[in-house]
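# What the coordinates show
Residue strings, one per chain:
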Amino acid sequence: MNECIPVTETEPGIFRWDDLEYIEKRIKEIKSKCRWCVIVSHGGEEFTSLPSPYTRDRYLKFLEMGADVVVGHHPHVPENYELVIRAHGVTKDTIEEVLEKCVAEKCDIIFTTTPAFVQESVKAAIAHPNVRIVNCSLRTSHRYIRTYYARMYEAKFLMGAIAGVMTENDKLAYIADYPIRGSIANINAFALGAKMVNPRAKVYVEWASMKGFNRLERLKELGVDIVSDKDMVVPEAAKRYYGLYRLKDGEPIGLAMPVWQWGVFYEQMIRTIMEGTWKHDDNIVEKKAINYWWGMSAGVIDMICSRNLPIGTKRLVELLKTTISRGEFNPFYGKLYSQDGIVQEDPNRELTPEEIIMMDWLAENVIGHIPTEDELVEHSLPIIMQQGINKEGN
């Protein structure tokens, strides 16, 4: 069947997971008659051990509606589980209250999952020194909390190599979200990967957070044939513009996608606590947070290749992934050139983590610029204030 038929009051079919009003109605009906409401969802990304952020948000919405358990079975592999303390719709105005609630409910470790919550996380960590608070950000300057992020640039390098091989006109597009710490490294790693296998490849960087951005119009205008887009699929999106895809007659054909294995990260983090290896830094001179910045070697980052890729390209990707995972290859090793000239002259040196995180230049085969605040939409400004590159536009 090309189309799934939605269920009705009189006819069998499927529950569309975006029909929230109907799903909420049924959850309330079940809860009025039964103690437990379990939702079994045939959804999510195949062959990944953790739901995407979009899938997870939808599952959390079901819990908010009153469901007690949500089980996903589409990925075809065992997925991790998550015990949820209900704290939905958290904003900068409510995060302080939510943190205090979590502490009151005897939570030993709290993950705050956006840089916008850094200040409140620090305040809670100072007030409750026995609670481990970890914030998802890079280069946060405070010793009372830990920070975590993933080396996504490793996967982006591999995707760039795929794009360089698969392009037919040497014109690639990279659609980025925000000009924040770490995002520039992702763009440059993609460009370096493409250049490694295809010296003629050019990468057109576009920013989804820029005012007036229209994805389809811009891609058509550029004439690109391979696009690196959002890392995960958006359930409500009409078309699957995510990961790495080929544009054919305006339609996306998936090639590869990066995978954030957050379950692996959380498991490793919790294990460090249980094994007693979590050490509080009491050095009053040190002001930076201890940062957990894990990548392919730790299993936190991975990549899925589509069956649309030729077997030889898949083998190349596996070889590169293996060398990166073993620490035998770094995308930012040796001489590096930016749009303005050479930025790294030593052929035997690799950039430090600090240099990668704070990167504020674009590789020589990238066409585009890093936007300034006045070029961005208003809702992007809070995260820019916390994690922005602080670079003037070209």
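Each remark here, short or long, concerns the structure printed above.
Residues numbered from 1 in each chain as written. Predicted model: local features only at pLDDT ≥ 70, side-chain atom pairs only at ≥ 80, totals over all residues. Heavy atoms only, no water.

## A look at the nonpolar core
- Judged by nonpolar contacts, the single largest core of 61 residues is most densely connected at Ile187, Leu244 and Phe332.
- Here the element with the most residues in this core is helix α5 (residues 152-166); it accounts for 10 residues.
- Not counting residues within four places of it along the chain, the set of residues in contact with leucine 244 comprises Met159, Ile162, Ala163, Phe190, Ile226, Val227, Ser228, Ile253, Gly254, Leu255 and Ala256.
- Leu99, Cys107, Phe117 and Ala124 belong to the second largest nonpolar core, which has 16 residues in total. (Core = buried A, V, L, I, M, F, W, Y, C linked by side-chain atoms within 4.5 Å. Buried < 20%, exposed > 50% of the residue type's maximum accessible area, 1.4 Å probe, protein only. Helix = DSSP H or I, 4+ residues; strand = E, 2+ residues; numbered from the N terminus. Contact = heavy atoms within 4.5 Å.)

## Points about the packing of helix α3 (residues 95-104) against helix α4 (residues 118-127)
- Two elements in contact, α3 and α4, have axes separated by 9 Å at closest approach and are oriented at 35°. In this structure, the crossing between α3 and α4 has a hand that is right-handed. Contacts between α3 and α4 involve Ile95, Glu96 and Leu99 from the former and Glu120, Ser121, Lys123 and Ala124 from the latter.
- Of the residues assigned to the contact of α3 with α4, the class counts are 3 nonpolar, 1 polar and 3 charged. (Axes fitted to C-alpha atoms, helices over the stretch in contact; angles between N-to-C directions. Left-handed = near helix turned anticlockwise from the far one by under 90°. Nonpolar A, V, L, I, M, F, W, Y, C, P; charged D, E, K, R; others polar.)

## Considering the sheet that holds strand β6 (residues 171-176)
- Strand order in the open sheet formed by 7 strands is β12-β10-β9-β8-β6-β7-β15, with mixed pairing between adjacent strands. Strand pairing shows two members of the sheet lacking a second neighbour, β12 (301-305) and β15 (366-367), which therefore form its edges.
- Where strand β9 (residues 244-248) meets strand β10 (residues 251-260), 5 bridges bridge the pair, whose relative direction is antiparallel. The partner of arginine 246 across the bridge, within β10, is isoleucine 253.
- Docked against the sheet, helix α7 (residues 215-222) engages β6, β7 (202-207), β8 (226-228) and β9, running at close to 155° with respect to β6. (Pairing = 2+ DSSP bridges.)

## Considering the packing of α5 against helix α9 (residues 311-325)
- Running from N to C, α5 and α9 cross one another at 155°; their axes reach a closest spacing of 10 Å. The angle between the axes of α5 and α9 places the two elements in the roughly antiparallel class. Here α5 runs over α9; the crossing is right-handed. Residues Glu154, Phe157, Leu158, Ala161, Ile162, Val165 and Met166 of α5 touch α9, and the partners they reach there are Thr313, Leu316, Val317, Leu320, Lys321 and Ile324. (Parallel < 35°, antiparallel > 145°, perpendicular 65-115°, else oblique.)

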